[in-house]
Amino acid sequence: MTTAHVELPRGARPGGRLAIADDDPRVLLIALERAKSLGAPMVVSGMIASFVLSVPSGVPLSRAVIISNLACIFLGLTIWLMLARDVVAPRWAHAALTATWLLAPLNTLLTMFITKQSELTYPFLLEVSLLCVTQVSPRWLMAALLVASAAWFPIALRTGGAHLTMQAACVAGLAVSAILITTRIRRSLDLALLREDEATR
């Protein structure tokens, strides 16, 4: 059995631009499903685990930390419930996916700001590294990285620490890696969708 050769648009080839728009219904449904089955569960579980492990990890749970952590967990659970009940329309898929992920660094950076513990940069690095697992759109990923990194930098400067330069380099390196990985994965998705389009013509 042979497979017919499918000619694809130049934009879909490696090194070209994305061939399928972010607002394509199929891409939106993929993003919405990823937010529902991966993004929200992972973020909420991570925030709950970090809250439970705060004291054993040496992070004091002051009243402000408890309130900020519980508020982020509540928002995460709310978004997860809305996704599970199909309240979120597909056109908001990328926004929902991005907002869900942003809750994780928001939770970490609020705790870092309150406690002035520079070691909390390390869970922030983990959250940045996991962004490429959840995102479908490189554009939305870059926007999320810009917001998170812009929030982390002044807090890190305020917190201080002996390894600030190394931490900044790690944040930048992981951000670039996340962009490259998400772009390559998205191009593979675009190729698959284009082949599907060609096969149905």
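For the structure itself, consult the block above.
Anyway, here's the lowdown on the structure attached to this text. (Residues numbered from 1 in each chain as written. Predicted model: local features only at pLDDT ≥ 70, side-chain atom pairs only at ≥ 80, totals over all residues. Heavy atoms only, no water.)

## Topic: the packing of helix α4 (residues 121-134) against helix α5 (residues 138-159)
Each pair of packed helices gets described by two things: the angle between the helix axes and the distance between those axes. For the record, the criterion: Only C-alpha atoms enter the line fits that serve as axes; for helices the fit covers just the stretch in contact. Angles between N-to-C directions range over 0 to 180 degrees. Secondary structure elements follow DSSP: runs of H or I of four or more residues count as helices, runs of E of two or more count as strands, with numbering from the N terminus. Orientation labels follow simple angle bins: below 35 degrees gives roughly parallel, above 145 gives roughly antiparallel, 65 to 115 gives roughly perpendicular, and whatever is left gives oblique. By the convention used here, residues are in contact when the closest approach between their heavy atoms is within 4.5 Å. Throughout, the ten residues Ala, Val, Leu, Ile, Met, Phe, Trp, Tyr, Cys and Pro are labelled nonpolar, Asp, Glu, Lys and Arg are labelled charged, and all others, Gly among them, are labelled polar.
The geometry of α4 relative to α5 is characterised by a closest axis approach of 11 Å and an angle of 170° between their N-to-C directions. The angle between α4 and α5 places the two elements in the roughly antiparallel class. Along the contact surface, α4 presents T121, F124, V128, L131 and C132, while α5 presents L141, A144, L145, A148, S149 and W152. Split by residue class, the contact of α4 with α5 holds 9 nonpolar, 2 polar and no charged.

## Let's talk about the layout of surface pockets
For the record, the criterion: Each cavity reported here is a set of points on a 1 Å grid over the protein atoms alone in which a 1.4 Å probe fits but cannot get out, each pocket an open set with protein on both sides within 12 Å along at least five of seven lines, and each lining residue one with an atom within 4 Å of a point. Grid points are joined across faces, edges and corners, and a volume is the space filled by probe spheres set on the points.
Size it by volume and the largest pocket reaches roughly 460 Å³. Taken together, 21 residues make up the lining of the largest pocket; nearest its centre are G46, S50, T108, P123 and E127. When contributions to the lining of the largest pocket are tallied by element, the ones reaching two or more residues are α1 (25-52), α3 (93-115) and α4. The dominant element in the lining of the largest pocket, judged by the number of residues it contributes, is α1, at 6 residues. Here the lining of the largest pocket is built from residues that sort into 12 nonpolar, 8 polar and 1 charged.

## What to know about the pattern of salt bridges
Formally: Salt bridge criterion: a side-chain nitrogen from Lys or Arg within 4 Å of a carboxyl oxygen from Asp or Glu. Partly exposed residues are those whose accessible area sits between 20% and 50% of the maximum for their type, while under 20% is buried and over 50% is exposed, using a 1.4 Å probe and protein chains only.
The final tally for this structure, using the stated rule, is 6 salt bridges. In this structure, R139 engages D22 in a salt bridge whose closest nitrogen and oxygen atoms are separated by 3.4 Å. Note that R139 is positioned in helix α5 and D22 in the segment before α1, a separation of 117 residues in sequence. Given the relative accessible area of 12%, D22 is considered buried. Between K36 and D86 there is a salt bridge, with its nearest N and O atoms 2.8 Å apart. Here D86 lies in the loop between α2 (63-84) and α3 and K36 lies in helix α1, a separation of 50 residues in the sequence. Salt bridges here are not isolated pairs; linked through shared partners, they connect D22, R139, R186 and D190.

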